[in-house]
Each structure stands twice: as C-alpha cells, then as structure tokens.
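# Survey of secondary and tertiary structure
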Amino acid sequence: MENILFNNSASFDTLKSNIDLLKNSSQSLIILSCDQNNYDKDQFDLMLKDINIPVIGGIFPQIIFENKNYENGDIVISLQSKLEVNLINDLSKKTDELEDELEDVIGELDNNTNSMYVFVDGLTKNINELISSLFNNFGLNINYIGGGAGSLSFEQKPVIISNNGLSQDCAILATSKNQINLGVKHGWFEISDSIKVTKSKANVVEELNYRPAFEVYKEVVEKHANKKFTDENFFDIAKGYPLGINKISGEAVVRDPIIQENNNLICVGDVPTNSNVNILGGDLNSLTNAANEASNEAFADNKESFTLFIDCISRVLFLEEDFTKELDIVYDKNKKLVGALTLGEIANNKKHYLEFYNKTSVIGNIIE
C-alpha cells in the first residue's frame, strides 16, 4: 500500500477516505491541507478525534506534491514510527514560562529520539520564544523540521492539526525516531548597508537607525525596485525585499515584512531591538540555486524514505510562474516529494542554531 496519499481537490470525503486507508497500517499520520479547502471545522474536529493513532499537521496557503504546488487538496503521510506528541496552547500569552512548560510536558528525550516535527500557528505571537526555548531545552542533539500554518488572508484561525481537532494560537511538537537529514538555504542577497534596529516590539519594527522604519525601508526599496509604494501595493513590492538579520555564523535569518502600519513594518517572526539587518533582494537564479544547494545537503548520504519540502509561500508570490523551476530542481522522480508552503520555516541541521526562518527553503530527507 502507498504510504502517501494525495488529493488535489477540496473534497473532505476524499481526505477522510485517505485517512481511513492509511491509519490501520500506520503508527502515526501527518496531514498537510490547504486553506482554500474551507472545510467545516466541526466535521474536521470529529474526524481528527476519531483517529486512534498520533496525528499532526496543519492547514497552509498551499501544499506541494511531486513537482507541483496546489491551492486546494490534502496530503496524508503514513509513518511507521510512533510520534510522541505535545500541544503548547495559548502561545501568545507565554514568554518566560515556555522553557519550564517544555521541560514539564516533554521532559528528557530518550536516546532513540532523532528528530522533532514542529508546526506552529504562523500568525501568533512568541514563535521566536518557543524556538529559543526548544533550543535551550534540547539543543542540537536532534534535528527539527516544520513551519508556520495559516492563511494568506493573514486572518488568524484554527490551523494546527492534532488528535484534539483544529487549534489556533498554539504549536504542536512531535518527537520521532526518524532520522531527518536537512538542507536549509534562502538565496537572498544584500542590497543595503547594515541598518540598526533601534526600536521594535516582537514582530513589529518601529525604528531603523533612529528613524521611522518604513521611511528607511521605503528609501532603499523604491530606489532599487524603481517603483513607488502606495496605500494598496505594499505587499506586492515588499514580497521581493525582505529583511535579513545578521548572524555571527551562517546565512542571515530572513524576515518577511507583510504589513505597513503607521510607519511600522509588521513581519512574520520577531526582529530584536539592537539587531543589525540588511534589506535583501533576490532573483530567479539566486533562489533556485539556494533550493538546489539545500537539496544537495539533505541528500548527501543518499538514504531516503521520502522528501518533506517546507518552503515559504512568499517565494511563490515572488517567483510566480517561475516557482515551478524551483520545484523542478528539488524534485527527483525516483523520490517521493511532499511539502507545504508556509508562513515561516523551522529547521536546524545539527550544526547551526535552531531558527524560525522566512522566505527560506527547508528540505528534509526523512529516513524511516
């Protein structure tokens, strides 16, 4: 029997049928579903609560199957290892207590734990605090892969899938015996000098170099893009010009400005006060080359069961029809490729600090 079932239409009955086909031969399930399916939440909750094995996943702007991306449909993935699942609720209300909660609900990882799947409500607060707490508790002894669920409407709603049903303002953490080899690259390059973040609150950047953030951003971007911002086109231009938080080692961590409000830049993910950022640009070659490098990293040892591709939805919005070229680079017809186009990506590779990324390609070679 196939261990991955794909449905490219918004058919709840087909999703339920695919789950029924796989659940009796599986130890756990991962479900990746599209926001535009618009399934009835009560129906979805009843179905999830009826699954008698661990189930995790999320609802995303789009999903990936083989070398195509889809705005409708679902993917159900069978795992032959039993996931240990924990749900962190009310994430937006938690900061300092997150480390203690993780220690209480997960405790010590046993020696057979090799990886953790992390799916989070991509429009909630304190995602960076969650990621820091995961790193502080569990370090780089395991690999992590996951991303932010949610809608391109930027309306927060229940998007995290678990045996409890659909939830919002939460994260699902699932430890696994699976080995996951990871590749992480973004391909964006600097188009500005280093800029100091002189005032910010979580994901809201208020000042850059002691000036209103949007004023500084606007000056650089309008000159480079040869376009003018209006009241209606902020995201259309900004999708090609993220912020890059400078790191001592490794690539800059990318932050996606999605809304301009009162001269502030509202991003997906936190931008710390006193950090240094550059405004970034990209093109087809730089982004597809990055995806290729990430793929090569993930498949360095040639072992594989299937490929989980966590990629940013804003790369689709930026590349438009050329996004198929990125998928063609990653896809190998001899390997099963599934994935989600997310609001932020979560990964490490046992070498670098665990991060919540934006506009970044994360490729996981899942070895069962």
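To be clear, the structure that these remarks concern was listed above.
Quick look at the structure, then. If you're wondering where the values come from, they're calculated on a predicted model, not measured in any experiment. (Residues numbered from 1 in each chain as written. Predicted model: local features only at pLDDT ≥ 70, side-chain atom pairs only at ≥ 80, totals over all residues. Heavy atoms only, no water.)

## Examining the overall build of the chain
- Secondary structure summary: the chain contains 9 helices and 26 strands in total.
- Compactness check: the chain gives a C-alpha radius of gyration of 20 Å against a globular reference of 21 Å for 368 residues, within 12% of the reference.
- In terms of overall dimensions, the chain has C-alpha extents of about 60 × 45 × 45 Å along its principal axes.
- Taking the contacts inside the chain whose residues are at least 6 apart along the sequence as the reference set, 80% of them involve residues at least 24 apart.
- By element, 41% of the accessible surface of the chain is carried by carbon and sulfur atoms, the whole surface being about 15400 Å².
- The chain carries 32 positive and 55 negative side-chain charges, and their two centres are separated by 2 Å. (Helix = DSSP H or I, 4+ residues; strand = E, 2+ residues; numbered from the N terminus. Rg over C-alpha atoms; globule rule 2.2 N^0.38 Å. Contact = heavy atoms within 4.5 Å. Areas by Shrake-Rupley, 256 points an atom, 1.4 Å probe, with all protein chains shown as cover. Lys, Arg positive; Asp, Glu negative; His and termini not counted. Charge placed at Lys NZ, Arg CZ, Asp CG, Glu CD.)

## Topic: the packing of aromatic side chains
- Throughout the structure, instances matching the rule amount to 13 aromatic pairs.
- Centroid distance F12 to Y39: 5.4 Å. Interplanar angle 75°. Geometry classified as edge-to-face. Of the two residues, F12 sits in helix α1 (residues 12-23) while Y39 sits in the loop between β2 (28-34) and α2 (41-49), which places them 27 residues apart along the sequence.
- Accessibility expressed as a relative area gives 15% for Y39, which makes it buried.
- Measuring from centroid to centroid gives 6.0 Å for F214 and F234, while their planes differ by 65°, and the two rings are edge-to-face. Of this pair, F214 sits in helix α5 (residues 213-225) while F234 sits in helix α6 (residues 234-238), and the two are 20 residues apart along the sequence.
- Members of the aromatic cluster, connected to one another through ring pairs, are F214, Y217, F229 and F234.
- Sitting over the face of the ring of F299, K335 holds its NZ or CZ atom 5.0 Å from the ring centroid. (Phe/Tyr/Trp six-rings, centres within 6.5 Å; stacked < 30°, edge-to-face > 60°. Buried < 20%, exposed > 50% of the residue type's maximum accessible area, 1.4 Å probe, protein only. Lys NZ or Arg CZ within 6 Å of the ring centre and 35° of its normal.)

## Considering the pattern of salt bridges
- Inspection of every chain in the model, using the stated rule, returns 17 salt bridges.
- Of the charged contacts in the structure, one is a salt bridge between K247 and E355, with a shortest N-O distance of 3.5 Å. Note that K247 is positioned in the loop between β18 (243-245) and β19 (253-261) and E355 in strand β25 (residues 355-357), a separation of 108 residues in sequence.
- Owing to a relative accessible area of 9%, E355 belongs among the buried residues under this scheme.
- Between D332 and K335 there is a salt bridge, and its shortest N-O distance comes to 3.0 Å.
- A cluster of three or more residues bridged by salt bridges with shared partners is formed by K16, D20 and K23. (Salt bridge = Lys/Arg side-chain N within 4 Å of Asp/Glu carboxyl O.)

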